[in-house]
Structure formats: C-alpha cells, structure tokens
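One-letter residues, chain by chain:
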Protein chains: 2
Amino acid sequence: MARILVSNDDGIDAPGIQALAAALKAVGEVTVVAPEREQSAASHALTLHKPLRIYEGRPGQYAISGTPTDCVNMAVHQIMAEPPDLLVSGINRGANLGDDVTYSGTVSAAMEGTLLGIPSIAISQLFWQDSDYQTSAAFAATLAQTVLDNIAAGNPLPVDTLLNVNVPDLPQRLIRGTRWTTQGKRRFTKDQVIEQVDPRGRKYYWVGGSAVLWEGDPKSDHAAVTAGYISVMPVHLDLTHYGALEALSQWQIPFSSDGEPDPERS
Amino acid sequence: MARILVSNDDGIDAPGIQALAAALKAVGEVTVVAPEREQSAASHALTLHKPLRIYEGRPGQYAISGTPTDCVNMAVHQIMAEPPDLLVSGINRGANLGDDVTYSGTVSAAMEGTLLGIPSIAISQLFWQDSDYQTSAAFAATLAQTVLDNIAAGNPLPVDTLLNVNVPDLPQRLIRGTRWTTQGKRRFTKDQVIEQVDPRGRKYYWVGGSAVLWEGDPKSDHAAVTAGYISVMPVHLDLTHYGALEALSQWQIPFSSDGEPDPERS
C-alpha cells in the first residue's frame, strides 16, 4: 500500500487538510504532518533559530511548531519509518496561481518533498463561495492515484518537478475538465501597502489590498480556473533561465583580478 | 543618477549590507530598506497578519519590522518617491547556491523586485575564513553598472529574470574570473534534523547539520565558486516546466464531471 504524506500551510486543524486526508485513505496509508498553526505565505521558510516540537493528535496525525518546510523535513527524517511514496500538500483555502508559487507555504511543502526526491502535489481551492472541499478532495485522490499508476508504469514525474493544482470553486458536476497549464502572470495596479495610524499616533503599514490584473495568456493556470477547469501546472525547481545564458554571457563585466585565466574561456 | 534600492535578509546592521551600500554609492543614489533583525531562510514570506513599522536610521536607511519581501514592498510603495532603477540584495553572509534560491531571503528580495518590474541582483559571499566583504562589494558595483549600461543600450535583463551572484571567499586578486552558471543540485546524505531532550525531559528537534554532496555539473554555480570563479546565475521566475507539458498532457486523469466538454480538447 502506498505511503502518502499530507501537509499544508493552513495548519493541522484546517478543514482542507482533513478533507484531503480522508479522501486519500482510498489511495494509500496516510500520515498527516502539518503546522500547529496557520503558516500562510510562510513560503519556503525554514526554522533555523529555535527548536521544533512534535505534538501527536489524531491517529497518524502530527502537529509541528514550525513552517510547512519544517513539517516535511520532520515527517521524512523523524516521524515516518520509511520515506513516503507521495506527498500531497493542501487543500489550501484560496488559490495559489501565477507568482504565488514563490510565496505559498502549500507549494513550499511540495517543493521540499520534491527536493527530497518524493513525488509531490500541491492543491489549492478557490474560495469565493462558502464551499466545502469535496471537489478538490475527490480530484486530489484521483490525481494521486494517477501519479502512482504512472510511477508504477515507469513514467514518473520529471526530475525536480511538482504538480501545482488549483480547483475552481464549483461542485464537481459543474467542473468543465482538467487542463495542463503554465504559470500565469499578474500585474498589480495599485499600492500594495496600506498606511494607518495606531492609538498612540504612530504610523503603521499593512501589506495587501491591491487590485490585480492578470495577463490574458489562455494557457495559464489563471485562465483555466476562470473558465471552470481544474488547473494542473508542472513546477520546475531548476530556476536557471537556460534560454538567457547565451546572450548574457556576451556581457562584458569589467572586473579585474589576477587569478589564472579561465581555461574554459581562453 | 540611477536610483538603487539595497536590501538583504541579514538585517540592516549586518556588515554585508553596509559594505554593499557604500560600494554602490559610486554607481547611483542608494536607499537602504532592510529588516530590523536577521531574517535568514525567511524565503519569500510576506507579513500578512500583523502591521509593519518603519524605523529611520542612518540617512537614506530604513529598517522594517518584517521580511525581505516586506522591505521591498515598503520601499517601492511607501518610502521611495519614484521606483528604483535597480535593486541589489545582499551581501549575504554565506553562499546561496543551488536549491537555496527557493529558501533564501536574500534571493527573495530580488524576486520581489523582479515581480515589481525592477531589475534585480542578489549577491552572496561564501564565508569560510574571517573575511571582509571587499571582493563582493567591488563586484556588486561593477555588475550593477554593467546592468544599468546594458539597460541604457536597450539590452535589459530578460523578463521575470534576476541575477543570483555568489562570490568565493577570496581576495579580489585571487578571483579567477566570472562565470555565467546554472543552478547546482545537491543531495543530502544524512538526517537533516537533530533530536535533543530539554531540561524538562521533553524531546525537541533542530533543523540542519546534514552532510551535503553536490552533483558534479561543471556549468553549475557550485562548481564555479569551488574553482575560484564568481558565479552569476540567471534565475527565471516562470517556474513552468514547459518541456514536460506535452508528455504530461498525455496522462489520463479519470475525473468525471458534467461540465460542458472542453472545446480546446474536442
């Protein structure tokens, strides 16, 4: 039976992770290791300067006093007797589209899994209505089984690549299908920081509140969910811009040194 | 005169950022906006759940009660009258090689700048000896001028791309040159989490302490600095694995729904 690690960034008591864990029990043996508290926008942060604690809760569920990345490390190196066959992070309350892949704690848990060599999926659900997580949980189980089946057939995910899933806020019967997508691009159109004054007359600032415009790429994750499709984007953790290397290497950088000349350049 | 925003993740009082700010005064008008405290491994985290404060310090220097990403937002949206022409983040004490681009607060400040449309550089110095930051600071000034010169010549950095620089721990005269590199890949070979017992007999855990092996790609950032070269890697913030889309889209994902059929697939 496949071993499946489940984590998130909304915290272990979030309804999204509990719906996910329940649905994945049809696919394998589920271990939940998640932050004790909400860690949204924690990104790929690591806790380096203080110790971490493990709190055992429901059977097979462990809360960690750290970030999503910490949870995956603790699960793989301390909690699970053998490494998981699959990691699924989510279900996040709210989308993780476009540049969100670099901020999202949900995606970061899947990044950490990927860096540790574990096939990993991040799943997020748009949340405009007062929805449940049934559509996302059902899709997560289907996709998890699909990934495991492809691994068994000798067709694993590409190296250093995770799947970032976004599910529209629709009941399953109204979902129009699944699309493999690219990372959408948004432009902020107003200030992203709000200035206020505290009760003692001192200024403070709060991040957020900006209007967002998405570029209209029809292949993007944003376009897919807007049209009622589930978006599945392959996220590559090699961030090298290979296409730019040749042109950039023509730049003259006049930095003098007396080291021996570069044999690969001379 | 070019407006240059300087940030980091080691905090505004770190010697690395002060050396960087001093060196960049030869290139443009420098504004420093940096965390009031060390934020290493903060990654691309955003502060969403509490307010931020601005503390004015030395002339042209502002400390923020938040992450590197917060600092760039505050600088661009609150502190600077006009957006900067260039952002330089660093000089980090210690390398940011390979997968570190996804954890590093230093790189994240440059990511945030890039997402806001500002040409951005992250610079880190390896630190094995009790070094100063002279080599890195001198290179940062040279590269900053090079980027600005190329922009003026109609040859800007590629869209959504920042430069991640790593400088060996060597005096400038011993540097062997500059190499444009790819993101190195490391493999951890031992546990990354250390278990301890606290004075009350309860277990706690600490992240870190693992042995690291690098894969031997000679074009990588790690290979460059090991050989005595300054590494400059173009980091692309579109993480879509374009090369995998075609093969993955052949996967059958048996998720049924009654939405209208996908016109792009039928």
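Our subject is the structure that appears above.
Residues numbered from 1 in each chain as written. Chains lettered and ligands numbered in written order. Predicted model: local features only at pLDDT ≥ 70, side-chain atom pairs only at ≥ 80, totals over all residues.

**Some remarks on the sheet that holds strand β3 (residues 54-56) of chain A**
All names here are of chain A. Within the open sheet, the 9 strands sit side by side as β3-β4-β2-β1-β5-β6-β7-β13-β8. Their pairing is mixed. Looking at which strands have only one partner, the edges of the open sheet turn out to be β3 and β8 (177-180). Mean inter-strand twist for the sheet, computed between neighbouring axes without regard to direction, equals 20 degrees. Pairing analysis gives 4 bridges linking β8 to strand β13 (residues 229-236), with the strands arranged parallel. Bridging from a neighbouring strand, W180 pairs with V232 of β13. Here helix α4 (residues 134-152) sits on the sheet and contacts β1 (3-7), β5 (86-93), β6 (120-125), β7 (161-167) and β13; the angle it forms with β5, its principal contact strand, is near 160 degrees. (Pairing = 2+ DSSP bridges. Helix = DSSP H or I, 4+ residues; strand = E, 2+ residues; numbered from the N terminus. Axes fitted to C-alpha atoms, helices over the stretch in contact; angles between N-to-C directions. Contact = placed C-beta atoms within 7 Å.)

**Considering the sheet that holds strand β6 (residues 120-125) of chain B**
Residues and elements named next belong to chain B. The mixed open sheet is built from 9 strands, whose spatial order is β3-β4-β2-β1-β5-β6-β7-β13-β8. On the outer flanks of this sheet lie β3 (54-56) and β8 (177-180), each paired with one strand and no other. Averaged over all pairs of adjacent strands, the angle between their axes in this sheet comes to 20 degrees, without regard to strand direction. Taken together, the 4 bridges between strand β2 (residues 29-35) and strand β4 (residues 61-64) define a ladder with parallel strand orientation. Paired with V32 across the two strands is Q61, which belongs to β4. Those strands touched by helix α3 (residues 105-115) are β1 (3-7), β5 (86-93), β6 and β7 (161-167), and its axis lies near 175 degrees from that of β6. Across the sheet, helix α4 (residues 134-152) touches β1, β5, β6, β7 and β13 (229-236), and the angle it forms with β5 is around 160 degrees.

**So, the relation of the copies chain A and chain B**
Between the two copies of the chain lies a relationship made up of a rotation around an axis and a movement along it. Here chain A sits on chain B after a turn of 180 degrees about the axis and a move of 0.0 Å along it, with an RMSD of 0.0 Å. Taken together, these values place the two copies in the relation of a two-fold axis. Same-surface contact between copies: 100% of interface residues of chain A are shared with the interface of chain B. (Least-squares fit on C-alpha atoms with pLDDT ≥ 70 in both.)

**Some remarks on unusual backbone geometry**
Residue and element names in this part refer to chain A. In this structure, the amide linkage connecting G90 to the following residue, I91, adopts the cis form with an omega of -15 degrees. Residue placement: I91 occurs in strand β5. Of note in the backbone geometry, D160 takes a positive phi value of approximately 60 degrees without being a glycine. Assignment of secondary structure puts D160 in the loop between α4 and β7.

**Brief notes about the interface of chain A and chain B**
Facing the 73 residues of chain A at the interface are 74 residues of chain B. Looking at the side of chain A that touches chain B, the elements that each hand over two or more residues are α2 (68-79), α3 (105-115), α4, β8, β10 (193-197), β11 (203-207), β13 and α6 (242-248) of chain A. Of the residues that constitute the side of chain A that touches chain B, the class distribution is 36 nonpolar, 26 polar and 11 charged. (Nonpolar A, V, L, I, M, F, W, Y, C, P; charged D, E, K, R; others polar.)

**Notes on the pairing of β5(A)**
All names here are of chain A. Counting buried positions along β5 gives 8 out of 8 residues, so the element sits mostly inside the fold. Bridge count for β1 against β5 is 4 bridges, and the pairing is parallel. When the bridges of β5 are listed, I4 appears paired with L86. Direction of pairing for β5 relative to β6: parallel, over a ladder of 5 bridges. The residue of β6 that forms the bridge with N92 is S124. You can see the chain leave β5, run along α3 and come back into β6, and the turn it takes is right-handed. (Buried ≥ 20, exposed ≤ 12 C-beta atoms within 10 Å, placed from the backbone. Right-handed = clockwise from strand over helix to strand, strands pointing away.)

**So, helix α1 (residues 15-24) of chain B**
Side chains three or four residues apart in an α-helix point the same way, a direct result of the helix having 3.6 residues per turn. Among the 10 residues of α1(B), 8 are classified as buried, and the element is accordingly described as predominantly covered. In this fold, the buried residues of α1(B) make contact with β1, β2, β5 and α4 of chain B.

**Here we look at α3(A)**
Residues and elements named next belong to chain A. Within α3, 11 of the 11 residues are buried, which leaves the element mostly enclosed by the surrounding structure. Every buried residue belonging to α3 is among G105, T106, V107, S108, A109, A110, M111, E112, G113, T114 and L115, and all of these are buried. Where the residues of α3 are buried, they touch β1, α2, β5, β6 and β7. After α3 finishes, the residue G117 shows a positive phi value of roughly 85 degrees.

**Overview of the pairing of β1(B)**
Residues and elements named next belong to chain B. With respect to burial, β1 is a largely interior element, 4 of its 5 residues being buried. Here β1 pairs with β2 via 4 bridges, running parallel. Note that in β2 the partner of R3 across the bridge is E29. Taken together, β1, α1 and β2 constitute a β-α-β crossover, and its handedness is right-handed.

Such coordinate-based values are descriptive only and should not be taken to indicate function.
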